[in-house]
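# Analysis of the macromolecular model
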Amino acid sequence: MVSTEGLVPITRAFLASYYDKYPFNPLSPDVSRLSDLIYAAATDLLKDSPPSQGERLLIQEAESEPPHKVDENMWKNREQIEEIVYLLEAPRWPTALQLQATVEDQELASLLPRIQDKFKSTLSTLEAFQARNSDFVFNTVMTYMPQDFRGTIIRQQKERSERNKQAAVDALITSGGSIRDKYAMLWKQQMERRRQLADLGSATGVYKTLMKYLVGVPEVLMDFVRQINDDQGPMEEQRQRYGPPLYSLTRMVHNIRLLLSLLWERCETRKLQKDQISILEEAANVYTSELETFLKFIGEVFSNSPFFITAEDAGALAARKHDDYKEISVPAGETHEVTLTVESINSYIAWDFSVVQGKLSQDIGFSVECIDLSGRKTLILPYRRYEADQGNFCTCVSGDYKLIWDNSFSSFFKKVIRYKVDCIPPVVPAADQ
């Protein structure tokens, strides 16, 4: 059993400094390009006939903002990949491709197994990543638990719990449940497990004493599980730092699944075109390559991240936060903007702020948007109300980036915020001597 003496749970400030060592290279521009092309091709198919109820749900999912959680996006990607693999099974092909009566149909049909193999391979990679990450977290936690019969009991309970959960999923599928139903259950199971851990960390009184001395759960570990996934807890740094590229891939795979579903449904009345399958094949190549690159990168980040740090390190990081900050007052009903002009892509924009004065509510709306050189506006960080926040992202285009603090929801009271904003240019490799 590893000692936890003198340790505290990781903080958001620590993760910010830790993640600075792991900058993520931007996604290929082909991700946004192909995602837009696929969505345009999908909407073009809807011009001749209105969507069915099931198709309306697919459209709604494709047009919705991905959830602001890294792990939930992992499940979303896995679900959509499995749906695509299912649609690409030969018995699910349109009749024309199954019969292959023409040379053109034969040529199109020959492309589909290659596309399916790409998604099957990436699905296996994603499943392995999730299993490996889950085992890593559990095994790391167990190093801080008693290495006697209590640890053995906890491991046995986990194995039994996993068997029961898998049995529930198998029963759902056997009874006719869809892929969507399956992943809704898997996510529900994960959230229930997370809630139970948070309840454990929030234990008080006699129950907390029992957990600490009889079960052997260190108090610092109980603190860790209570706060790690809070909306503004340490994992928010991960969501801000590494969420955007994953969210882009979530949008892309939703669009791929939407187009494929619409093509299959309308193939009897609208002949399948070679360029439609070619776009799907190119998108499959880019999506699977970029997702696997992301999984490899984030796996390394996760595997090297500690759960606890010393109290001295936590204090030093907290003190460092107070350097070079500004204070501004945002009147009721108004906004405050900070505009950063970025000439080079791959720059990093970072912010840290907190509301230091406000009556009735101690929060303020915050969002980030980009206006590129052509005047096109893109939402980088959706509007949300915060008491405090810190985050950063890597710029993908040149242009003006606006950080907006919005107090328009308040009719009477100003908000005073203390903030710091940085724009860090890309590192240019030194020329060979």
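Residues numbered from 1 in each chain as written. Predicted model: local features only at pLDDT ≥ 70, side-chain atom pairs only at ≥ 80, totals over all residues. Heavy atoms only, no water.

The protein chain is annotated in an unreviewed UniProt entry as GOLD domain-containing protein from Salvia splendens.

### So, the side chain of Gln-190
Selection rule: A run of H or I in DSSP becomes a helix once it reaches four residues, and a run of E becomes a strand once it reaches two; helices and strands are each numbered from the N terminus. A 3.5 Å cut-off defines polar contacts: any pair of N or O atoms within that distance qualifies, except that in protein one atom must be a possible hydrogen donor and the other a possible acceptor, and neighbouring residues in sequence count only when both atoms are side-chain atoms. Every residue pair with non-hydrogen atoms within 4.5 Å of one another is taken to be in contact.
Mapped onto the fold, Gln-190 is located in helix α8 (residues 179–201). Side-chain polar atoms of Gln-190 contact the side chain of Asp-71, separated by 2.8 Å. Setting aside its immediate chain neighbours within four residues, Gln-190 contacts Asp-71 and Trp-75.

### Some details on the sheet that holds strand β4 (residues 335–342)
The condition is simple: Two strands make a pair as long as DSSP finds a minimum of two bridges between them. Every axis corresponds to a line fitted to the C-alpha atoms, with the helix fit spanning only the stretch in contact, and the corresponding angles, defined between N-to-C directions, vary from 0 to 180 degrees.
Spatial ordering of the open sheet is given by β4-β9-β6-β7, a layout of four strands whose pairing is antiparallel. Strands with a single pairing partner mark the edges of an open sheet, and in this sheet they are β4 and β7 (377–386). Adjacent strand axes in the sheet meet at a mean angle of 15 degrees, parallel and antiparallel pairs treated alike. As paired strands, strand β6 (residues 364–372) and β7 are joined by seven bridges and run antiparallel to one another. Its bridge partner lying in β7, Gly-365 is registered against Arg-385.

### Observations concerning helix α3 (residues 53–63)
Spacing of three or four residues puts side chains on the same side of an α-helix, whose turn is 3.6 residues. Operational definition: Buried means the residue's accessible area, taken with a 1.4 Å probe over protein chains only, is under 20% of the maximum for its type, while exposed means over 50%, and partly exposed covers the values in between. Here the arc refers to the set of directions running from the helix axis out to each C-beta atom.
Those residues of α3 that sit buried are Glu-55, Leu-58, Ile-59, Glu-61 and Ala-62. The arc enclosing the buried residues of α3, seen along the axis, measures out at 160 degrees, which places them on a common side. Exposed residues pointing more than 90 degrees away from the buried face of α3 are listed as Gln-53 and Glu-63.

### As for the environment of Leu-246
Here Leu-246 is to be found in helix α11 (residues 235–266). A C-alpha to C-alpha distance of 9.4 Å links Leu-246 and Glu-290, two positions 44 residues apart in sequence. Those residues within four positions of Leu-246 in sequence are excluded, and the remaining contacts are Val-70, Asn-73, Met-74, Asn-77, Leu-291 and Phe-294.

### Here's the deal with the packing of aromatic side chains
Where we set the bar: Stacked, tilted and edge-to-face are the three classes assigned to paired rings of Phe, Tyr and Trp, where Trp is represented by its six-membered ring and a pair needs centres within 6.5 Å; plane angles under 30 degrees give stacked, over 60 edge-to-face, the rest tilted. Two conditions define a charge sitting above a ring: the NZ of Lys or the CZ of Arg must be within 6 Å of the ring centre, and it must be within 35 degrees of the ring normal.
One pass over the full model with this rule turns up 20 aromatic pairs. Considering the side-chain rings of Trp-351 and Phe-393, the 6.0 Å spacing of their centres and the 55 degrees angle between planes classify their relative orientation as tilted. Within this pair, whereas Trp-351 is found in strand β5 (residues 348–358), its partner Phe-393 is found in strand β8 (residues 388–394), the two being separated by 42 residues in sequence. Pair check on accessibility: Trp-351 and Phe-393 agree, each one buried. Members of the aromatic cluster, each reached through a chain of ring pairs, are Phe-14, Tyr-18, Tyr-19, Tyr-22, Phe-24, Tyr-242, Phe-294 and Phe-297. Between the NZ or CZ atom of Arg-385 and the centre of the ring of Phe-409, over which it lies, the distance is 3.7 Å.

### Re the environment of Pro-234
For Pro-234, the position within the fold is in the loop between α10 (219–227) and α11. Overall, the relative accessible area of 5% leaves Pro-234 in the buried class.

### Some points on the pattern of salt bridges
Note the threshold: Salt bridge criterion: a side-chain nitrogen from Lys or Arg within 4 Å of a carboxyl oxygen from Asp or Glu.
Evaluated as defined, the whole model comprises 19 salt bridges. In this structure, Glu-281 engages Arg-114 in a salt bridge whose closest nitrogen and oxygen atoms are separated by 2.8 Å. Of the two residues, Glu-281 sits in helix α12 (residues 274–304) while Arg-114 sits in helix α6 (residues 103–142), which places them 167 residues apart along the sequence. A relative accessible area of 47% means that Arg-114 is categorised as partly exposed. The salt bridge partner of Arg-239 is Glu-236, with a shortest N-O separation of 2.8 Å. One end of the pair is Arg-239 and the other is Glu-236, both in helix α11 and three residues apart, which spans about a single turn. For the residue pair Arg-239 and Glu-236, the accessibility class agrees, reading buried in each case. Beyond isolated ion pairs, a larger network of salt bridges with shared partners links Asp-20, Glu-237 and Arg-241.

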